[in-house]
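Each chain, letter by letter, is given below.
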Amino acid sequence: MIVAQQKPLEEIRRLIAPYEKILILGCGTCVTVCGAGGEREVSFLHGALRVAQVKGGDGVHAFLEYTVKRQCDREFLDPLGDRVSEVDAILSLGCGVGVQVVAERFPDVPALPGVNTSFMGATEQGGVWDERCAACGDCRLAETAGICPITRCTKGILNGPCAGTKNGKCEANKDIDCAWVLIYKRLESLGQLDKIRRYYPPRNFRTIPRPRRLAGITSIDLGGSNG
Amino acid sequence: MSPTRQTKSNLERVFEAGQFAVTGEIGPPPSADPEVIRKKARILKGYVDASNITDGQTAVVRMSSWAACLIAKEEGLDPITQMTCRDRNRIALQMDILGIAALGINNLLCLTGDHVKFGNHPTAKGVFDIDSIQFLQVVKGMRDEKKFQCGDEMPVSPRLFIGAAANPFADPFEIRAPRLAKKVQAGAEFIQTQIIYNVDKFAEWMKRVCDMGLHEKVKILAGVAPIKSVGAARYMKTKVPGMDVPDEVIERLRGVPKEEVSKEGIKLCIDIIHQVREIPGVAGIHLMAIEWEETVPGIVEAAGLLPRPKFD
């Protein structure tokens, strides 16, 4: 899922400062699961903004709140039409995709981001998410025992591990496991160490010509493994 | 040039003559002052067969390696340009390779590079378009097949003696000899290792390297360095990625009076040189007296490595 984090309250207050009436718009999918922008967070943020403006005495905003099932699908935004016509801005707690689809769907009303979209990740434990996929468009997981070096190695190298590994940790952050040590151990237990001894040629970065589009069968043309 | 020799590198010539090689290291200054390089080069001249010049070591901005190499060359050294993949994509790397070869540099050390977070611009973007092993293959392809990474051909190829680094002390130990094999396969002709303080572990790594027959395909220079203080030893043990400083080393330095510690650090370095020379497959030493270049002549002499071979 997409993992995001709510922006600091002060930053959100600066973003909404020019507008009087604001719709705080939650998203019922990824950001609900990671607790950044679901119905609950919309309600908390609404309360926090009200308290802040009473305390600060600077600017008087009126707020509406609503949460759609998915902001990244236009059809889920259609029922919002009446509410949007009442406001001066939409503060979206959806991911960066959600904010942009909202902006496209309602071109006359400014769409503001209420969260920082972080990464695609998995739940590690309650309240902790770890990045797992870089969406590189050229999946190498078959060669690396199901552990992604492009995402989880800080240098994203294909012929790892580099020389900086210490006690199984990354040279750049001793709290993070070295992806290549994990790959080595898993390949060893799978009896596939030949895969780490093989040479992998430079990556094909044409698989990520931004912005990307995935349209059925034509996605095959986007690249493909060169290893 | 002999038929087997690829380049005009003095270091390659020393190996070809069957001599035990000595390389040194110069850290370029964080300034535009050429005198710093000249001064260090004059200290090393006559005591090393070639000298590395680091490329933004620990991701700190300094004079570029290739530019400092030109200054060192003017002072009579055979410089080894270090080049990392941290700051350049494959296009920039290949352009710089053409440039250094055209300017008369004979040696290139291909590195992935320290992470930007260690340096003085920790918010910079680390490039890492390719890694050190892919980089070696690119350089070899340029030199031997006159081809760029994309396959296009060039009329005049860069004649560079190709080197790489190896760290016997990083995890997992079992992958370190096979990873060296990958570097050799990709094009490495000489290897400079991480600084050795754990000689037993290095010997075990060399045994595995020799068992794979790699010492016959690549010249391995054992990395050594004098230690200035107990604090420096502790710092290397705990803070420097991929370093292995056994407690005995720290105890040895702590066992002498404070004013004797740096002298003991030099003695330790000489002892380690003697020990690694005895290990089968070791073809030379790489002496990294970082910001302590003035110790190099004394260490090389005390280790019995003088005079350095001279060729016409």
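Conventions and cut-offs
Residues numbered from 1 in each chain as written. Chains lettered and ligands numbered in written order. Predicted model: local features only at pLDDT ≥ 70, side-chain atom pairs only at ≥ 80, totals over all residues. Heavy atoms only, no water. Helix = DSSP H or I, 4+ residues; strand = E, 2+ residues; numbered from the N terminus. Domains from an automatic or database assignment. Buried < 20%, exposed > 50% of the residue type's maximum accessible area, 1.4 Å probe, protein only. Arc of directions from axis to C-beta. Contact = heavy atoms within 4.5 Å. pLDDT = per-residue confidence, 0-100. Core = buried A, V, L, I, M, F, W, Y, C linked by side-chain atoms within 4.5 Å.

Asks: Residues and numbers for unusual backbone geometry, please.
Replies: In this structure, P161(A) follows G160(A) across a cis peptide bond, with omega equal to 0°. Mapped onto the fold, P161(A) is located in the loop between α7 (149-152) and β8 (169-170). Backbone torsion omega between L306(B) and P307(B) reads -5°, so that peptide bond is classified as cis. Backbone geometry at F128(B) places phi at a positive 45°, although glycine is not the residue there. Along the chain, F128(B) falls in the loop between β4 (107-111) and α5 (132-145). The backbone of E291(B) shows a phi angle near 50°, a positive value even though the residue is not glycine.

Asks: Before we move on, could you go through the domain arrangement of chain A and cite the residues and values that matter?
Replies: What the domain assignment reports for chain A is domain 1 (2-118) and domain 2 (136-197). When each unit is reduced to the centre of its C-alpha atoms, the spacing between domain 1 of chain A and domain 2 of chain A is 38 Å.

Asks: Give a detailed account of the environment of S43(A), specifying residues and quantitative values.
Replies: Residues and elements named next belong to chain A. Checked against the element boundaries, S43 lands in helix α3 (residues 39-56). For S43, a relative accessible area of 37% corresponds to the partly exposed category. Residues S43 and K7, spaced 36 residues apart in sequence, show a C-alpha to C-alpha distance of 15 Å.

Asks: Give a detailed account of helix α6 (residues 96-105) of chain A, specifying residues and quantitative values.
Replies: Residues and elements named next belong to chain A. For α6, every residue scored as buried is listed here: G98, V99, V101 and V102. The buried residues of α6 occupy an angular sector of 170° when the element is viewed end-on, so they sit on one face. Looking at the buried side of α6, the elements it contacts are β2 (21-27), α4 (74-77), β4 (89-92) and β5 (111-113).

Asks: I'd like a description of the confidence of the model for chain A, backed by residues and values.
Replies: Per-residue confidence for chain A gives a mean pLDDT of 91; residues scoring 70 or more make up 91%. Note that pLDDT drops below 50 for residues 218-227 of chain A; the model gives that stretch 23 contacts with residues more than four away or on any other chain.

Asks: How would you sum up the nonpolar core? Please name residues and give values.
Replies: In terms of nonpolar packing, the biggest core is built from 87 residues, with L108(B), F135(B), L180(B), Y197(B), F202(B) and W205(B) touching the most fellow members. Considering every element that reaches this core, the biggest residue donor is helix α10 (residues 261-277) of chain B, with seven residues. In this structure, F202(B) is in contact with P168(B), F169(B), T193(B), I196(B), A222(B), V276(B), I279(B) and V282(B), ignoring residues within four places of it in sequence. If you look at the next biggest cluster of nonpolar residues, it comprises 19 residues, including A4(A), I12(A), I22(A) and V115(A).

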